[in-house]
Amino acid sequence: MKRWHATLVAAAVCLLAGSLLVGTASRAQIGMDFFKKPAIADIFKPTVGGGAVYETERDQKKSTLEMTVVGQEAVNGKDAYWLEFGHADQSGAMTYGKMLVTRDDFQFHRMIFQRPGQPPMEMPMNPNASQQSHMTDEMEKWHKVGTETITVPAGTFTCDHWAKDDGKGDVWASSKVTPMSLVKEVSPNNSMVLVKVISDAKDHITGTPMKFDPELMKRQRPQQP
């Protein structure tokens, strides 16, 4: 995957499970279809129109990431929600992507992304059993360790504190925050802090999605400075 798209996907996946999937995001592709719903997936609490803005830091580089819920529909009789992610590239232009996720089983069904001035593209769903199993195993390494009140730029929240078994990750989650309850996340090379809660989110992806075309994506890729 090209750098700008890999960045968006990695950021989205990071948010969807705290920091637990950062190490596998580049291998996970888009086809995420968990065999079962690990306990930490319970932090997924979508509300249409709601969302959050985060300050992220990875390898000492800061950026802003938006995550909102911009729609709801049924998939095989189950409630599914469109989670939209916005991430700025080096020029400051926003690239948006959205994933359709069923709430009860935390299954991923579709993903669409759109760069500024370009038509939206829908990524193929291509789950790999080995990748899915590894991701599920990683998610099961997280356990709730208590309740704490923490203060971040967006305010003060009473949170469930989740910790990774190897001691290399912590997530603080509050039911007051949608869609992933995330208030703060810390791992050895990454951090994410809630700076704003959104209550009037709108879909930034417009137009009819095209079928994913790797050659077109290559031509649209921003030139590196």
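Scroll up for the structure.
Conventions and cut-offs
Residues numbered from 1 in each chain as written. Predicted model: local features only at pLDDT ≥ 70, side-chain atom pairs only at ≥ 80, totals over all residues. Heavy atoms only, no water. Helix = DSSP H or I, 4+ residues; strand = E, 2+ residues; numbered from the N terminus. Buried < 20%, exposed > 50% of the residue type's maximum accessible area, 1.4 Å probe, protein only. Salt bridge = Lys/Arg side-chain N within 4 Å of Asp/Glu carboxyl O. Core = buried A, V, L, I, M, F, W, Y, C linked by side-chain atoms within 4.5 Å. Pairing = 2+ DSSP bridges. Contact = heavy atoms within 4.5 Å.

## Here's the deal with unusual backbone geometry
Here is step 1 of the chain: Residue Pro179 follows Thr178 across a cis peptide bond; omega there is 5°.
Here is step 2 of the chain: Along the chain, Pro179 turns up in the loop between strand S9 (170-173) and strand S10 (182-187).
Here is step 3 of the chain: In this model, Gln60 sits at a positive phi of 70°, which is unusual for a non-glycine residue.
Here is step 4 of the chain: Looking at where Gln60 falls in the secondary structure, it is placed in the loop between strand S1 (51-58) and strand S2 (61-75).
Here is step 5 of the chain: Its relative accessible area of 74% is what places Gln60 among the exposed residues.
Here is step 6 of the chain: Backbone geometry places Ser181, a non-glycine residue, at a positive phi of 65°.
Here is step 7 of the chain: Here Ser181 falls in the buried class, since its relative accessible area comes to 2%.

## Focus: the pattern of salt bridges
Here is step 1 of the chain: Using the criterion set out here, one finds five salt bridges in the structure.
Here is step 2 of the chain: Note that Asp79 is salt-bridged to Arg103, the shortest N-O span being 3.4 Å. Separated by 24 residues along the polypeptide, Asp79 in strand S3 (residues 78-88) and Arg103 in the loop between strand S4 (94-102) and strand S5 (107-114) bring together distant segments of the chain.
Here is step 3 of the chain: Judged by its relative accessible area of 35%, Asp79 is partly exposed.
Here is step 4 of the chain: Ionic pairing is found between Arg110 and Glu122, a salt bridge with its closest N-O pair at 2.8 Å. Residue Arg110 is located in strand S5, and its partner Glu122 is located in strand S6 (residues 121-123); the two are separated by 12 residues in the primary sequence.
Here is step 5 of the chain: By relative accessible area, Glu122 is classed as partly exposed at 23%.
Here is step 6 of the chain: Through salt bridges that share partners, Asp79, Arg103 and Asp104 make up one connected network.

## Description of the nonpolar core
Here is step 1 of the chain: By size, the foremost hydrophobic cluster in this structure holds 31 residues, and its most contacted members are Tyr54, Val101, Val152, Phe157, Val177, Val183 and Leu194.
Here is step 2 of the chain: If you look at the next biggest cluster of nonpolar residues, it comprises eight residues, including Val70, Leu100, Ile112 and Ile205.

## With respect to the pairing of S10
Here is step 1 of the chain: In the sheet, S9 pairs with S10 via four bridges, with the strands oriented antiparallel. For Trp172, the partnering residue across the bridge sits in S10 and is Lys184.
Here is step 2 of the chain: Bridge count between S10 and strand S11 (residues 190-198): four bridges; the pairing is antiparallel. Within the sheet, the bridge partner assigned to Lys184 lies in S11 and is Val193.

## Remarks on the side chain of Thr68
Here is step 1 of the chain: In this fold, Thr68 is placed in strand S2.
Here is step 2 of the chain: Other than its neighbours up to four places away in sequence, Thr68 contacts Gly50, Gly51, Trp82, Leu83, Glu84, Ile198 and Ala201.

## So, the environment of Gly51
Here is step 1 of the chain: Inspection of the secondary structure assignment puts Gly51 in strand S1.
Here is step 2 of the chain: Taking the C-alpha atoms as reference, Gly51 lies 9.0 Å from Glu84; in sequence the two are 33 residues apart.

By themselves, these observations are geometric and do not establish any function.
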